[in-house]
Amino acid sequence: MVTDKTYKHTHRKERIIFLIKLVLYLAIVYFNLEHPAVYDKLVWLFKLTNALSFFLGANLIISLAWLVILSWYTRRHKIKPIEKDNFVLGLTRITAVFNTIFFLLAITFFFGVDPLKFVTSITIVAAALALLTKDYITNMINGLIIMFSDQLSLGDHIRVGDNKGKIMDITLINVVIQNEDDEIVIIPNSVIFAAVVVNQSKQNIRKLSLEFELDHKHPITITGVEERLRNAIAAYAKSYDPNSFSLKTIEIKKDFVQFKVQLLMPLADKETERLIRRALNTEILAIAEGIGN
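Below is a summary of the structure that appears in this document. (Residues numbered from 1 in each chain as written. Predicted model: local features only at pLDDT ≥ 70, side-chain atom pairs only at ≥ 80, totals over all residues. Heavy atoms only, no water.)

## With respect to the side chain of R277
In this structure, R277 sits in helix α9 (residues 270–288). Residue R277 is classed as buried on the basis of its relative accessible area of 17%. In this structure R277 touches K164, E180, L208, S209 and L210, once residues within four positions along its chain are discounted. (Helix = DSSP H or I, 4+ residues; strand = E, 2+ residues; numbered from the N terminus. Buried < 20%, exposed > 50% of the residue type's maximum accessible area, 1.4 Å probe, protein only. Contact = heavy atoms within 4.5 Å.)

## Things to note about the sheet that holds strand β6 (residues 206–215)
Strands sit in the order β6-β8-β7 across an open sheet of three strands; the sheet is antiparallel. The open sheet terminates on both sides in strands that have one partner only, identified here as β6 and β7 (246–252). Averaged over all neighbouring strand pairs, the angle between strand axes comes to 20°, with direction disregarded. Looking at chain direction, β7 and strand β8 (residues 256–265) are connected through six bridges and run antiparallel. Paired with T249 across the bridge in β8 is F259. Across the sheet, helix α8 (residues 222–232) touches β6, β7 and β8, and the angle it forms with β7 is around 135°. Most of the contacts of α9 go to β6, to which it runs at about 15°, and overall it touches β6 and β8. (Pairing = 2+ DSSP bridges. Axes fitted to C-alpha atoms, helices over the stretch in contact; angles between N-to-C directions.)

## Quick look at α9
Across its 19 residues, α9 extends 27 Å between first and last C-alpha, which sits within 8% of the 27 Å expected from 1.5 Å per residue. Of the positions making up α9, those classed as buried are T272, E273, I276, R277, A279, L280, E283, I284, A286 and I287. Each element contacted by the buried residues of α9 is listed here: β2 (163–170), β6, α8 and β8. Where α9 terminates, the next one or two residues include G290, which has phi positive at roughly 80°. (Expected span 1.5 Å × (residues − 1).)

## Brief notes about the side chain of Q262
Mapping Q262 onto the fold places it in strand β8. Overall, Q262 belongs to the buried group, its relative accessible area being 13%. Looking at Q262, its side chain comes within polar contact range of the side chain of K248, at 3.5 Å. Each residue touching Q262, except ones within four places of it in the same chain, is listed here: K207, L208, S209, S244, F245, S246 and K248. (Polar contact = N/O pair within 3.5 Å; in protein donor to acceptor, adjacent residues only side chain to side chain.)

All we've got here are geometric facts, nothing functional implied.
Right, here's the structure in full:
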């Protein structure tokens, strides 16, 4: 939860950093125009200040554009700039990409390389590298699409193949989720686009499913099993929709019957889900051992 105090502190820090960069940029430009005698003795220093003025100038423009767009977006959607949001995340990633590009161009100024020739040569090299790193580029494009869409957001609970958990971060390369065992799972963006993704948060519900088997050595009935399982989680009746509880018979074999119990939780609560699963598993084991029959 972002407090007003944290928001003001962060906002003040951003403005101070911007002002420091502005003052530094103006100072460098002033010395470059004055061209002090030390520049004639230390040519590398003159090249360094030229490179810094170019990079800081571009960085200030990017930062100003970032602040303006961010201010417009946050006012329109009534959120705080430091809150995690897909649009803010995507804007930050694009800003980082532009800063990297201008940093590389600033290096050309330092080494006295013609920026136009550098860009031309880099373009040719980039075209060649694109053929070798097409998966990497695809991931970057997919990452930007995810960031600027509302299909997947930070904090959403999703399932991708056998992996399911909470989205912790979305980068230009992958989506980072935290599964039920608190393990960090990194999924490439290309996989996200190619696979079937179930976003449980967009449904505003959390489905809990549990499959189990019971053999025929005990006289059990489907109604009896369902009643015992319902009673086992009666203490959590407020945490799930009682009408959503269902016990399905998946398959009947010679020696056992395979069941599947399902229920819906209005709110995704990992701890409550864990307790419900434990209560169900405990009761299933008791049924399998013939306890309470």
